[in-house]
Amino acid sequence: MMGWTTLLLALREIRRNLMRSFLTVLGIVIGVAAVVTMVTLGNGATQAVSDQITSLGSNLLLLRPGQRLGPGSSSLGAPSFRAADAEAIKSQIGSLTAVAPAVSRTTLVVVGSKNWATSVTGSTEDYFSAGNWKLAEGRIFSPTEERAGKAVCIIGATVRRELFTEHSPVGDMMRIRQFSCEVIGVLAAKGQSAMGRDQDDTVVMPLRTVQRRLTGRLDVTNILISMMDDASTTQVINQVTALMREQRKLADNEDDNFSVQDTKEIAKALSGTIGTMTALLGAVAAVSLLVGGIGIMNIMLVSVTERTREIGIRLAIGAQEKEVLLQFLTEAVVLSAFGGLVGLLLAAVACYFLASLLALPLIFSPGINLLAFGFSAAIGVIFGYVPARRAAQLDPIEALRHE
Amino acid sequence: MKAESPHAGTDALITLAGITKTYGHGQAAFQALSGIDLAIRQGEFVAIMGPSGSGKSTAMNILGCLDTPTSGAYLFEGVHVEHLSRDQRALLRRHYLGFVFQGFNLLARTTAQENVELPLLYRGETAQARHELALGALRSVGLEEWAYHTSSELSGGQQQRVAIARAIVTNPKVLLADEPTGNLDSKRGHEIMELLVNMNREHGITILMVTHEPDIAAYAGRIVHFVDGKIARDAVNGETA
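Q: Quick one: what's the story with the environment of Ala83 of chain A, residue by residue and with numbers?
A: Residues and elements named next belong to chain A. As for its position among the elements, Ala83 is in helix H3 (residues 83-92). Residue classification places Ala83 among the partly exposed residues on the basis of a relative accessible area of 25%. Between the C-alpha atom of Ala83 and that of Thr221, which follows or precedes it by 138 residues, the distance is 10.0 Å. Discounting residues that sit within four places of it in the chain, Ala83 has contacts with Leu207 and Val220.

Below, the structure is given as C-alpha cells:
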C-alpha cells in the first residue's frame, strides 16, 4: 500500500466519517483562529500605542497637581496651578518651545436644535503646538483675544460632525452653558488616544474665557510643557520641579505636591499595560486552543470502539499493524493540517476586519501562526493516532470483540 | 464429499498437533484447548461443533491465525505458523485466508463494493482491478445490484453475503466462518449455507465453519465435535462415530 493509496484511503475514511471529521477540524479551527486573532490584534494595539508615542512628539511634559504614585492615586488636597505658574516656567526655564496651562470641563454645547456633551478646554495658543494640533480650517485665537477672554472657540472634528452640517462652521455661533461663542477654527482629526479616548471630541477656548465663564475660578488643572528636540528631559524636569517648589513655597522637608510626567513615559507604561493585556488575551486564547484539543480528544476517544472494531476487521483480513497505523496517522495529519490551515485563514480574515473596525494596525507575526498551527496539529495527530495504535496492537480477535 | 479418512497424511493443508491454549495465569488459569490434533485436506468442508465453552471458537481463532496457541504445532502447507511473527501471520491471512463472522463485521457507512475490495487494498491491487474483482465477488453472491449500497441499507442476509464476497474476493485457500448463520433467521441461514457449499464445490475453497446448529453443520462434509477443549468426535458427515 503505497503513498497515494494511503492518502486516498485516508480521504475516503474522512468522508465516510464526515461528522467526526468535521468536529475534529472545528476544534482545531477554533483554537488556531482564536489564538492567532487575539495575539495579532494585541500586537496591533501595542503598535498603535507606540505610534501614539511618536505622534505625541517626543518632548512633551505634563505638570499636574498632587503626586501620582500609581494609577488611581488622587490629587485631592494638592493646590492647583495658576496661569502665573505657566508664565514663570516659560520665562525662567530655557530650551522650551511651548508652555500651555489648561483647564478642562465637560459640558453641554448647543447649536440650533442639536446638543452634545464634550470636553471644553481653556488654554493659551501654546496649547496647539504643545499638543501637536493642526487646523483643518479657520484659525486659532490670537494673544489679544486670549488676554481679553473673548468668546471664541476652536472645535474638534467629532464636535463638528455632531453639531454642524456639511457647510463650514467657521463664523457660526455655538452656545456653551449661558454664553455664546463664535467658532473660529476646526482642528484636524487626531483619532483615538492611546487610552481609547476620542481626542477629537473637544472644544478649545482661551484660558481666561473658560475660567471666567465656565469654571469661575483661576485654577489651572495642568500645564503642558513642550521641550526643544535637543533638550535634556531630566534636566528640564529638575528645573521645573525646583521652580514649582519655589512657587509653592515648599519647605525642604516637604514632599512635592505636584508631579512632572514625561508623556513618553506614560505612553511607555501604557504600552507595557497593553503588552500585559495581549499576554492575557493570548493566555485566554491558549485555553480555547486547549479546550479545542480536549474536544478533539473526546471525539477520538468516543469513536474508539468503532475504530477498534474497524482495526480488528482490517487486521483480520490481513492488514499489518504498520499499514493500519500509517492509514490512521495519515488521516489524523490530513484532518489536523486542514483544520490548522482553515484556522489560520479564518484568523487572517477576522484580524483584517477587526483591525479595521478597531482602527488598529495589522501586524502579521509568523511565530504565533506557526505555534498555534503546530500545537493544534500535534493535538490532532496525537489523539488521532494514539488510540489507533493501542487498538492496532491488540490481537485482531480482541479488537473485533471490542464493545 | 469423498468418504476418506479425515486424518489425512502429509498432503494435509492444515495440521494441528498437540495444540493447547491457556488463558490467564496461576489459579485463574483456564485451559480452553487441551491437546488438539487435527488434519484438514485441501477442499474439505469441515464443521466444528460443540457446546459453548468447548473451545471451538478458540480453535477457530487459532486456525485463522488470529490467535496463537500456548503450545503445540500448527502447520499451514508445511509452514510452522506458531513460529511466525504478527506481521507474517497478517501476510498469511492476507494471501491464504478469508473470514466470515457471526456479526458480519462490515465497515459502517461503507458501500458493499468498498467493503469487498478492502482485502485487495492490502494486496496492492490497482483501483481498476479492485473494482472489477469486487464486483465479480458480489456477483458470485448475487448482490451485484447492491454494490453501491452501504451496510445499513442491506438486510442481515445480504450483509453476510457481502462478508462472504469480501472473504472470497482474494481467492483464498481457506475460508473460516464463525457461526455465519448465527445472526440470521433459518431461511436466510440456509441460503448462506447453500452459498458456502457452492463456494466449496465450484471453487474448491476449503471451508472451516463453527456452528452449534446441527442442521447447519449438516451441510459440511465432515463434522468435528469439541467437548471440554478436546476433540470428542471427528467423522465424515452421515457416519456415526
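Q: Can you lay out the sheet that holds strand E9 (residues 222-227) of chain B for me, pointing to particular residues and giving the numbers?
A: Residues and elements named next belong to chain B. Read from one edge of the open sheet, six strands run E6-E7-E8-E3-E9-E10, paired in mixed fashion. The open sheet is flanked by strand E6 (97-100) and strand E10 (230-236), the only strands paired with a single partner. Pairs of neighbouring strands in the sheet enclose a mean axial angle of 15°, with direction left out of account. In this structure, strand E7 (residues 174-178) lies alongside strand E8 (residues 206-210), joined through five bridges in parallel fashion.

Q: So, the sheet that holds strand E4 (residues 71-76) of chain B: which residues are in play, and what are the values?
A: All names here are of chain B. The strand order across the open sheet formed by four strands is E2-E1-E4-E5, and the pairing between neighbours is antiparallel. Looking at the sheet topology across the chains shown, the edges are occupied by strand E2 (30-40) and strand E5 (79-80). Bridge analysis of strand E1 (residues 14-23) against E4 gives five bridges, and the strand direction is antiparallel. Each bridged residue has a counterpart across the sheet, and for Thr15 the counterpart in E4 is Leu75.

Q: Tell me what's going on with the pairing of E1 of chain B, and back it up with residues and numbers.
A: Residues and elements named next belong to chain B. Relative to E2, E1 runs antiparallel, the two being bridged by eight bridges. Residue Thr20 lies in a different strand from E2, and its bridge partner there is Ser34. Counted between consecutive antiparallel strands, the loop separating E1 from E2 contains six residues, among which Gly24 sits at a positive phi close to 75°.

Reading guide: rules and limits
Here the residue index of a chain counts from 1 through its sequence in written order. Labels are handed out in written order, letters beginning with A for the chains and numbers beginning with 1 for the ligands. Predicted model: local features are reported for residues with pLDDT of at least 70 only, side-chain atom pairs are reported and counted for 80 or more only, and whole-chain, interface and lining totals are derived from all residues. Side-chain figures throughout are based on the complete set of non-hydrogen atoms in the structure, without hydrogens or water. Only runs of H or I of at least four residues qualify as helices and only runs of E of at least two qualify as strands under DSSP, and these elements are numbered from the N terminus. Three exposure classes are used, based on accessible area relative to the maximum for each residue type with a 1.4 Å probe and protein chains only: buried under 20%, partly exposed in between, and exposed over 50%. Working rule for contacts: check all heavy atoms of both residues, and any pair within 4.5 Å makes them a contact. We treat two strands as partners when DSSP finds at least two bridges between them. Every angle, taken between N-to-C directions, lies between 0 and 180 degrees, and every axis is a line fitted to C-alpha atoms, over only the stretch in contact when it is a helix.

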